[in-house]
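Descriptive structure summary
These are the residues of each chain, in order.
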Amino acid sequence: MRLRISYKYLFEYVSLLVMVGEVLYIWSFTRHLYYVVIFILSFIIAANYGRSLLRNRYALLILASQIWVTCSDFLNGEVHKENIFRFLSIFSLMCLINHHLKQGDRYIRTMRNFFLGLSAADIVLVFYDLLHGTYSNADIGLLGHKNYHMIIYLIAVGLSVYCMEKEHKKQKGFLFISVLFLTVMIMALKSSASGVAAAFFLLCLILMPNGKSSVFNLYFVLIVDAIAFYFVIYRQYIGRLLTFLLLKMGRDVGFTGRSDMWLAGFDKMREMPFYGYGNNVTVSFLDSRDHLLVNHVHNFILHLLISGGWVYLILNILIFLYAAYYLKNEKSELGKIVFLLITAYLVIGQTEILVGINNMLYPLLYMTICIKKNRETYV
């Protein structure tokens, strides 16, 4: 039996592996190979699909935001190669989505297969690390950061449900297994933010029928996210309430946590409000024992502010508002899943950041403009 290899499919899977998985970058011994491979793939993709993407105003807005935050590195006298190649990844993924979704659902099935395979390989390596006691929040399994795993799993589940819907297959068993293994992975990764996002995503996926995604549309989610940012992050009312309750219970409140990171983030934002510090920005603060700690700011909106300043934040607000507009009257299953995935990002983003470690947010936002064309040309 002669094995036939489709170089077209092989190119698509390799492109997704490099652009999404960043596996070659995470492993230090293949990092330089990653730079070479991603540059070559980006050049090929841009040459074949780039011109069509650059005629789209929404794509230009997204790319402008990424160019701005990448330039922030240069304005601060720093050059981070990973940020340049992250921009190439986002651009390439948008090119692939823009080209393939116009031709129907074949590329959705390719993405489904890729994310399922990536999730399966990652789960095996996560449990390997746990069994050997090498667990780390920032570096575990195949994908690195703990919250990155959950987003990849949710994309795999969402695209699988969509493909099953199109192929008229039963989803209940698959969703039950998804809930079970995601619960186990949340416990293994110990991420409360990912747990809340995964629970929200799966419940909505099960309970929200087709045509009902506009009940809680993205405008509503963005308003709730902004209100939560004001009360939880900026004013820190929730932190004050917890401190009050702990004092009433006679508990020690001399701890340092995310509230200190957020305060340090606002201080840093005031120092450089216009163009920020770049995607690799961190904040420094003292813990309860006066030890100096350095970490990322643990909030999506605040990270946008200190990484690219008010310009970057405004560009991102426009990007999300455009996505909300495109999804407002979208009643398809794919529209619902993309809406839920974007919402999951925002839920995790209340106490974490993902935009600096994961390349899928902006391609998912761009996918909102491609859904209608995809539905009209389903094959």
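Residues numbered from 1 in each chain as written. Predicted model: local features only at pLDDT ≥ 70, side-chain atom pairs only at ≥ 80, totals over all residues. Heavy atoms only, no water.

Looking at the overall build of the protein chain
For the protein chain, the helix and strand inventory stands at 15 helices and 2 strands. Within the protein chain, the proportion of its 379 residues that are buried is 51%. For the protein chain, the accessible area works out to roughly 18400 Å², and carbon and sulfur atoms hold 66% of it. (Helix = DSSP H or I, 4+ residues; strand = E, 2+ residues; numbered from the N terminus. Buried < 20%, exposed > 50% of the residue type's maximum accessible area, 1.4 Å probe, protein only. Areas by Shrake-Rupley, 256 points an atom, 1.4 Å probe, with all protein chains shown as cover.)

What about the side chain of Asn217?
Structurally, Asn217 is set in the loop between α9 (192-207) and α10 (218-234). A polar side-chain atom of Asn217 sits 3.0 Å from the main-chain amide nitrogen of Phe220. (Polar contact = N/O pair within 3.5 Å; in protein donor to acceptor, adjacent residues only side chain to side chain.)

Comments concerning the nonpolar core
By size, the foremost hydrophobic cluster in this structure holds 114 residues, and its most contacted members are Phe115, Leu218 and Tyr366. With 14 residues, helix α13 (residues 300-327) is the single largest residue contributor to this core. With sequence-adjacent residues up to four places away left out, Phe115 is seen in contact with Val20, Ile152, Ile155, Ala156, Leu159 and Met360. (Core = buried A, V, L, I, M, F, W, Y, C linked by side-chain atoms within 4.5 Å. Contact = heavy atoms within 4.5 Å.)

Overview of helix α14 (residues 333-348)
An α-helical turn contains 3.6 residues, so a residue and the one three or four places further along point in the same direction. Its 16 residues give α14 an end-to-end C-alpha distance of 23 Å, which sits within 8% of 22 Å, the value for a rise of 1.5 Å per residue. Extensive coverage of α14 is indicated by the burial of 15 of its 16 residues. (Expected span 1.5 Å × (residues − 1).)

Topic: unusual backbone geometry
The backbone of His298 shows a phi angle near 60°, a positive value even though the residue is not glycine. Residue placement: His298 occurs in the loop between β2 (292-295) and α13. Exposure remark for His298: the relative accessible area of 7% places this residue in the buried category.

Section: the packing of aromatic side chains
A complete count under the given rule lists 11 aromatic pairs for this structure. Seen in terms of ring centroids, Trp68 and Phe274 are 5.6 Å apart; in terms of plane orientation they differ by 90°. Their pairing is edge-to-face. Of this pair, Trp68 sits in helix α4 (residues 57-75) while Phe274 is found in the loop between α12 (258-271) and β1 (283-286), placing the two residues 206 residues apart along the sequence. Judged by centre distance (6.4 Å) and plane angle (85°), the ring pair of Phe274 and Tyr275 falls under edge-to-face. Grouping aromatic residues by their ring pairs yields a cluster made of Tyr58, Tyr322, Tyr325, Tyr326 and Tyr366. Against the face of Tyr277 rests Lys268, its NZ or CZ located 5.0 Å from the ring centre. (Phe/Tyr/Trp six-rings, centres within 6.5 Å; stacked < 30°, edge-to-face > 60°. Lys NZ or Arg CZ within 6 Å of the ring centre and 35° of its normal.)

Quick word on the environment of Gly117
As for its position among the elements, Gly117 is in helix α6 (residues 106-131). In sequence terms Gly117 and Ala156 are 39 residues apart; their C-alpha atoms lie 8.8 Å from each other.

So, helix α7 (residues 146-166)
Look at α7: 31 Å from first C-alpha to last across 21 residues, which is about the 30 Å you get at 1.5 Å a residue. Counting buried positions along α7 gives 19 out of 21 residues, so the element sits mostly inside the fold.

Considerations on the pattern of salt bridges
For the structure shown, the criterion picks out 2 salt bridges. Its salt-bridge partner being Glu333, residue Lys336 comes within 3.4 Å of it at the nearest N-O pair. Pair noted here: Lys336 and Glu333 are both in helix α14, with a separation of 3 residues, about one helical turn. On the accessibility criterion, Glu333 (6% relative accessible area) is buried. (Salt bridge = Lys/Arg side-chain N within 4 Å of Asp/Glu carboxyl O.)

Let's talk about the side chain of Asn56
Mapped onto the secondary structure, Asn56 falls in the loop between α3 (31-54) and α4. Asn56 gets classed as buried once you look at its relative accessible area, which sits at 16%. Engagement of the side chain of Asn56 in a polar contact is seen with the backbone nitrogen of Tyr58, the distance being 2.9 Å. Once residues within four sequence positions are removed from consideration, Asn56 is found in contact with Tyr366 and Ile369.

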